[in-house]
Amino acid sequence: METPAAAAPAGGFFPSFLFLAFGTLVAAVLGTAHRLGLFYQLMHKVDKTSIRHGGESVAAVLKAHGVRFVFTLVGGHISPLLVACEKLGIRVVDTRHEVTAVFAADAVARLTGTVGVAAVTAGPGLTNTVTAVKNAQVAQSPVLLLGGAASTLLQKRGALQAIDQMSLLKPLCKFCASVRRVRDIVPTLRTAMAAAQSGTPGPVFVELPLDVLYPYYMVEKEMVPAKLPKGLMGRVVVWYLQNCLANLFVGAWESRPEGPLPLDIPQASPQQVQRCVEILSRAKRPLLVLGSQALLPPTPANKLRAAVETLGVPCFLGGMSRGLLGRNHPLHIRQNRSAAVKKADVVVLAGAVCDFRLSYGRVLNRKSKIIIVNRNRDDMLLNSDIFWKPQEAVQGDVGSFMLKLVEGLQGQMWASDWVEELRKADQQKEQTYRDKAVMPVSQHLNPVQVLQQVEETLPDNALLVVDGGDFVATAAYLVQPRGPLRWLDPGAFGTLGVGAGFALGAKLCQPDAEVWCLFGDGAFGYSLIEFDTFVRHKIPVMALIGNDAGWTQISREQVPRLGSDVACSLAYTDYHKAAMGLGAQGLMLSRDNEDQVVKVLREGQQLCREGHAVVVNILIGRTDFRDGSISV
């Protein structure tokens, strides 16, 4: 017979089940209310009468971060933020292609040490930027890309120009976010700006759907039906839409901090610096190779230059560090880097990476002691233990490390014969260029001679932008930037088409500089239409086109290997006349006026000083950039 005690648990099952079910229901209701934003709406206000819009919040954050320029190609998705930027005194510069806008933002980032900003419309406007964003990623430039998007409720429903933009940009950017409420604009942008500059700098992306940028009354008109539908389901749908609208704007105009967040910049430890000091102090033939990271904030270029001069170690300069020591500095070695690196007993790779530019590390002597400093650990150890091995690998800011290294080596001297040996090899190589400059050419102009005349004509305040193959690669040997942050090239990604955007950003950042752009004729095809941009915005730059009527860098290897020059031929196009059709000034250099190269360059220079954009079309023979030889 069953006892009462044994029956008790069975009798208590139903109250327990009911309590659990009720708790689950309450949790579900509360969770739904939270997801619908009902709790936040209880504590914060929706100002239905305000005519303010999210674009004003975007502009306020940019202004608080010291942004002076926003580059764009206009679109309805982003109109509010462009108008708001204009009202706050941020100059809005519209280009003829979205990729140019991002290249211009990249140039601003590199030259100012702050974040460069581009804003583009949704869909194809965004996809047009991909090459420039990837170039910024490889070059480690802090660029903020603002992208319009379809309204939040219309995403994944077939709206115009609506694609999965986040998936597209995530592999290219350090930080990606899609803003879903107006109140989130400010904190999201502040986080993005800090992410772009922290650690290893790079591009970031913030997606701004159309309904978070426009004012309440406009979004309401598009989102909520004017007439209340009949029937329960219709009323539920309208309630849902009204709630979505409230969530978009609730708390939108509450005061929030808009200024910069603290940056996270890695620093070398004192122990690492001391070990590097000890290694370098024992060197007999030390060598310094500086890369772009050396010019990143917080170390100013003048302090870095002073540190390099105090150190007294011969150095090679690459990327954004080109020009750091000015022109013809005794410590700056320009030629025969591979041979020099093999002879050195200690090599300091300060921001330089063992990628293709250093033959993946194979140019390093295995007997040499290698010190490498980089903010990015993956870059720092690239190809290590395969072709080379670091004696000391320091993950930290390059400029700050250099200052500490010099402080630890105060009074250290190295034998002058090492520097003299390297300089003698430099002079011998430069003599070969002088010899090639006087070589006869069967037709057109000798490009080596032209570039030597460019070097002689270039003013001290020139800022060089380079975009091309052979002509530009030869110029890298012959034309010297006059100072730090006076040379802009694509970087390790080797992108063609950066010229117009880089020139645009450079001239706006440094209006007192003369911006000279060295183009190959192939590369110039990407930039030609932007002379309309230069003319409209009164941006005086001078473009020199080395026109050899072909993709010569490709044909040089394609023809002997494969027996065809298919797709490698261009024409001696009148690019200067095309630019004149866009409102620029055009000049021509050819065999007909080969004795007037300097005169024509100075004429172009004067036109720029008078406020004109100028294109100088230079018909040249073909060169081999690897040794400067003239093949045609």
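Predicted model, so just to flag it, every value in this text is computed and none were measured.

In the structure shown here, the tally under the stated rule is 8 aromatic pairs. Consider the rings of Phe103 and Phe502, whose centres lie 6.0 Å apart with planes at 90°: the pair is edge-to-face. Here the residue Phe103 occupies a position in helix α6 (residues 98–112), and Phe502 occupies one in helix α22 (residues 499–509), the gap between them amounting to 399 residues. The exposure class of Phe502 is buried, given its relative accessible area of 0%. Aromatic ring contacts, followed pair by pair, group Phe519, Phe524, Phe531, Phe534 and Tyr575 into a single cluster.

The share of residues in the chain with pLDDT of 70 or more is 92%, and the mean pLDDT across the chain is 91. A low-confidence stretch, residues 1–8 (pLDDT under 50), is modelled with 1 contact involving residues beyond four sequence positions or located in other chains.

Note that strand β16 (residues 585–589) and strand β17 (residues 614–619) share 5 bridges and pair parallel. In the sheet register, Met588 faces β17, and the bridge partner there is Asn617. The β-α-β motif built from β16, the intervening helix α27 (residues 597–609) and the parallel element β17 has right-handed crossover chirality.

The omega torsion of the bond from Pro297 to Pro298 falls at 20°, within 30 degrees of zero and hence cis. Mapped onto the elements, Pro298 comes out in the loop between β7 (286–290) and α15 (301–311). The residue Asp385 is not glycine, and still its phi comes out positive at about 65°.

Let us now look at the sheet that holds strand β1 (residues 69–73). The strands that make up a sheet are held in pairs by hydrogen bonds between backbone atoms, and each pair lies either parallel or antiparallel. Taken in spatial order, the 6 strands line up as β2-β1-β3-β4-β6-β5 in an open sheet, and their pairing is parallel. Single-partner strands in this sheet number two, and they are β2 (91–94) and β5 (175–178). When the angles between neighbouring strand axes are averaged without regard to direction, this sheet yields 20°. Here α6 sits on the sheet and contacts β1, β3 (116–120) and β4 (143–149); the angle it forms with β3, its principal contact strand, is near 165°.

Here we take up the nonpolar core. If you look at the biggest cluster of nonpolar residues, it comprises 91 residues, and the most contacted ones within it are Phe71, Leu288 and Phe401. The element contributing the most residues to this core is α6, with 10 residues. Sequence-distant contacts of Phe71, that is, excluding residues within four places in its chain, are made with Val93, Ala101, Ala104, Ala105, Val108, Val117, Ala118, Ala119, Leu504, Gly505 and Leu508. With 43 residues, the next largest nonpolar core counts Val58, Leu146, Val179 and Val219 among its residues.

How each quantity is defined
Residues numbered from 1 in each chain as written. Predicted model: local features only at pLDDT ≥ 70, side-chain atom pairs only at ≥ 80, totals over all residues. Heavy atoms only, no water. Phe/Tyr/Trp six-rings, centres within 6.5 Å; stacked < 30°, edge-to-face > 60°. Helix = DSSP H or I, 4+ residues; strand = E, 2+ residues; numbered from the N terminus. Buried < 20%, exposed > 50% of the residue type's maximum accessible area, 1.4 Å probe, protein only. pLDDT = per-residue confidence, 0-100. Contact = heavy atoms within 4.5 Å. Pairing = 2+ DSSP bridges. Right-handed = clockwise from strand over helix to strand, strands pointing away. Axes fitted to C-alpha atoms, helices over the stretch in contact; angles between N-to-C directions. Core = buried A, V, L, I, M, F, W, Y, C linked by side-chain atoms within 4.5 Å.

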